[in-house]
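Take a look at the letters that make up each chain.
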Amino acid sequence: MKNTNYGMIFLMGILLLTGCSSSNQEEEPQTESADVIIGVENDNAPCYFTDESGEPAGFYVKLMDALQKEEDFTYEFVSLSAAEYMADDASCDLYLGTIETEVGDLTDYVQSDIICETKLCLVVIKGSGVEDTDDLLDASISARAGTGEESFARYLSSEYDGESIVFQRVTDVVEDLTKGYSQAAVIDAANFSSLKQTESTLKKLKESEKYFSVHCFTASQERGIPDVIADGLAEIQSDGTLAALIQEYGFE
């Protein structure tokens, strides 16, 4: 009988210790997901980039903040190029950027009202010998895939019997050009204005009068453009907030 009592006391002690350990364990806080997940291309100044403190910055950030004030929702950015989004749109609710309908099959997608349009530049390296478009004969012209830049590059390569080469991001396009693999590149004029501050070898050869970058939201037909985005965009268009933002960044 003694042995049995000792055994029961020992078992109760184990259970009490186990219970205390479980109750004292801190539960990990659950992070709430944002209402809207938005794909954007990083290192895409002045539209979207990471500032010196590691925070998102640029035109798209200020645009989303303006929409958030109108509609009271939360959002989160994920890094994604236009071509990556077209290949797999499952990682975000919609894409904010310049997806061109002429070079991508958008039958399964919807787009918002146009936010703004920016010009496209044909860019070369200073001293490379390319002084005029006639020097582009048999040249390789690089551009971002899935954008108006690709459309312009395709047009130029067909005009001058060259070839167009596409990359995921504008940083890849610039790297290919500066290393001499391509003889010219098509770059958004807004990107070029930022790039020339750090890439002193870049020179604008011409601007397109036909092709533009069209900035807007793109979403799958199944998801659609969220009401908070569509309604908020209509509000900032009507009250002049969007026009002021476009003017601030020199996109007019």
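Residue numbers restart at each chain and count upward from 1, following the sequence in its written direction. The predicted nature of this model means local features are confined to residues of pLDDT at least 70 and side-chain atom pairs, given and counted, to a pLDDT of 80 or more, with totals for whole chains, interfaces and linings taken over all residues. Excluding hydrogens and water, the side-chain figures rest on all heavy atoms present in the structure.

1. Quick look at the overall build of the chain
Basically, it comes down to this: Strands here mean DSSP runs of E at least two residues long; helices mean DSSP runs of H or I at least four residues long; both are numbered from the N terminus. The cut-offs for exposure are 20% and 50% of the maximum accessible area for each residue type, with area from a 1.4 Å probe on protein chains only; residues under the lower value are buried, those over the upper are exposed, and the others partly exposed. In short, Shrake-Rupley with a 1.4 Å probe defines the accessible areas, and a residue's cover is counted only from the protein chains shown.
When you go through the chain residue by residue, the secondary structure sums to 8 helices and 11 strands. Looking at the 252 residues of the chain, the share that counts as buried comes to 42%. Surface exposure of the chain reaches about 13900 Å², of which carbon and sulfur atoms provide 47%.

2. Regarding the pairing of strand β9 (residues 163-167)
The line we're drawing: In this description, strands pair whenever DSSP reports at least two bridges between them. Look down the strands so they point away from you; if the path from the first strand over the helix to the second goes clockwise, the crossover is right-handed.
Pairing of strand β8 (residues 140-144) with β9, which is carried by 5 bridges, proceeds in the parallel orientation. The residue of β9 that forms the bridge with Ser-142 is Ile-165. For the crossover that starts at β8, traverses helix α4 (residues 148-159) and ends in the parallel β9, the hand is right-handed.

3. Here we look at a negative patch on the surface
The line we're drawing: Here a patch means residues that are over 30% exposed by relative accessible area and free of salt bridges, tied together within 9 Å if like-charged and within 5 Å if nonpolar (Val, Leu, Ile, Met, Phe, Trp, Tyr). The term salt bridge refers to a pairing of a side-chain nitrogen on Lys or Arg with a carboxyl oxygen on Asp or Glu at a separation within 4 Å. His is not counted here, nor are the chain ends, while Lys and Arg score as positive and Asp and Glu score as negative. Here the site of a charge means NZ on Lys, CZ on Arg, CG on Asp, or CD on Glu.
Among the surface-exposed residues, Glu-70, Asp-227, Asp-231, Glu-235 and Asp-239 lie close enough to one another that they form a single negatively charged patch. No other element matches helix α7 (residues 227-238), which puts 3 residues into the negative patch. Note that Glu-235 resides in helix α7. Judged by its relative accessible area of 38%, Glu-235 falls in the partly exposed class.

4. So, the confidence of the model for the chain
To keep things clear, this is the line we draw: The predictor reports its confidence for every residue as pLDDT, a score running from 0 up to 100. Contacts: residue pairs with any heavy atoms within 4.5 Å of one another.
Of all residues in the chain, 85% have pLDDT values of 70 or greater, and the mean over the chain is 87. Below pLDDT 50 for its whole length, residues 1-12 participates in 0 contacts with residues either more than four positions away or in separate chains. pLDDT under 50 marks residues 14-25. Its contacts with residues more than four places away, or in other chains, come to 0 contacts.

5. Comments concerning the packing of aromatic side chains
Note the following rule: To pair, rings of Phe, Tyr and Trp, with the six-membered ring standing in for Trp, must have centres within 6.5 Å; the planes then decide the type, stacked if under 30 degrees apart, edge-to-face if over 60, and tilted in the middle. Criterion for a charge above a ring: Arg CZ or Lys NZ at most 6 Å from the ring centre, at most 35 degrees from the ring normal.
Counted according to the given criterion, the structure contains 11 aromatic pairs. Ring geometry for Tyr-155 and Tyr-211: centres 5.9 Å apart, planes at 40 degrees, overall tilted. Here Tyr-155 is found in helix α4, whereas its partner Tyr-211 is found in strand β11 (residues 202-220), with 56 residues between them in sequence. Residue classification places Tyr-155 among the partly exposed residues on the basis of a relative accessible area of 35%. For Tyr-211, a relative accessible area of 13% puts it in the buried group. The cationic tip of Lys-210 hangs over the ring face of Tyr-155; the distance from NZ or CZ to the ring centre is 5.8 Å.

6. Quick look at helix α2 (residues 59-71)
Applicable threshold: One less than the number of residues in a helix, times 1.5 Å, gives the span that helix is expected to have.
The terminal C-alpha atoms of α2, which comprises 13 residues, lie 19 Å apart, in line with the 18 Å expected from a rise of 1.5 Å per residue. If you check which residues of α2 are buried, you get Phe-59, Tyr-60, Val-61, Leu-63, Met-64, Ala-66 and Leu-67. Asp-72 occupies a position one or two residues after α2 and carries a positive phi of about 55 degrees.

7. Notes on unusual backbone geometry
For the bond running from Ala-45 to Pro-46, omega is 5 degrees, close enough to zero to count as cis. Mapping Pro-46 onto the fold places it in the loop between β1 (36-40) and β2 (49-50). Here Asp-43, not a glycine, exhibits a phi torsion of approximately 55 degrees, which is positive. Relative to the elements of secondary structure, Asp-43 occurs in the loop between β1 and β2. The backbone phi angle of Asp-161 is positive, close to 50 degrees, even though this residue is not glycine.

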